[in-house]
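A closer look at the structure
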Amino acid sequence: MKKEDPPPGWRREPPLDKGANKERFIDMETIAINTEFIKLDALLKYAALVGTGGEAKIAIAEGMVKVNGEVCTMRGKKIRPGDTVEFDRFFLQVTAE
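Read on for a plain summary of the structure. (Residues numbered from 1 in each chain as written. Predicted model: local features only at pLDDT ≥ 70, side-chain atom pairs only at ≥ 80, totals over all residues. Heavy atoms only, no water.)

Moving on, we come to the packing of aromatic side chains. Following the criterion strictly, the structure yields 0 aromatic pairs and no others. The ring of F37 is capped by K78, whose NZ or CZ atom sits 4.7 Å from the centre of that ring. (Phe/Tyr/Trp six-rings, centres within 6.5 Å; stacked < 30°, edge-to-face > 60°. Lys NZ or Arg CZ within 6 Å of the ring centre and 35° of its normal.)

On to the pairing of strand β2 (residues 27–33). In terms of burial, β2 is largely enclosed, as 7 of its 7 residues are buried. The side-chain alternation of β2 yields two buried faces, one formed by D27, E29, I31 and I33 and the other by M28, T30 and A32. In this structure, β2 lies alongside strand β8 (residues 90–96), joined through 7 bridges in parallel fashion. Within β8, the position partnered with E29 by the bridge is L92. (Buried < 20%, exposed > 50% of the residue type's maximum accessible area, 1.4 Å probe, protein only. Helix = DSSP H or I, 4+ residues; strand = E, 2+ residues; numbered from the N terminus. Pairing = 2+ DSSP bridges.)

For the rest of this paragraph, the subject is the pattern of salt bridges. Enumeration according to the criterion identifies 1 salt bridge in this entry. Here R80 ties to E36 by a salt bridge, and the two come within 2.9 Å at their closest N and O atoms. Linking R80 in the loop between β6 (78–79) and β7 (84–87) with E36 in the loop between β2 and β3 (38–39), this pair joins segments that are 44 residues apart in sequence. When its relative accessible area of 32% is taken as the criterion, R80 is described as partly exposed. (Salt bridge = Lys/Arg side-chain N within 4 Å of Asp/Glu carboxyl O.)

Let's shift gears to the nonpolar core. The biggest cluster of nonpolar side chains holds 21 residues, and the ones touching the most others in it are L40, L43, L44, V65, I79 and V85. Among the secondary structure elements, those contributing two or more residues to this core are β2, α1 (40–46), α2 (53–61), β4 (65–67), β7 and β8. Considering every element that reaches this core, the biggest residue donor is α1, with 4 residues. Beyond its immediate stretch of four places on either side in the chain, V85 contacts L40, L43, L44, V65, K66, V67, I79, F90, F91 and L92. (Core = buried A, V, L, I, M, F, W, Y, C linked by side-chain atoms within 4.5 Å. Contact = heavy atoms within 4.5 Å.)

Negative phi is the rule for most residues except glycine; trans is the rule for most peptide bonds. One non-glycine residue, N68, adopts positive backbone phi at about 55 degrees. Summarising the element assignment, N68 is placed in the loop between β4 and β5 (70–71). Look at N68 and you get partly exposed, because its relative accessible area is 42%. Phi at D88 is positive, roughly 50 degrees, even though this residue is not glycine. Within the secondary structure, D88 sits in the loop between β7 and β8. The exposure class assigned to D88 is exposed, which follows from its relative accessible area of 51%.

Now the structure itself:
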């Protein structure tokens, strides 16, 4: 699956060093944004962890996503630089551009 170009103002970063967490996570990635926030469902789509908004909605509603280490069931949750998101053994670190 080819990852699409990011929305204006966003850019992808190379994966973080997996280091000590390599057993826990398959992929660790930094997502840089130059906006104040990104909504949780949009982040999952942008990072290509889900294929559609519907898939994001289901994953979030079923409690499969953690934000800053806590289960989050709000798909409109505002994710800001410094926040972390965990989903299906993937770890995303959101940073400011």
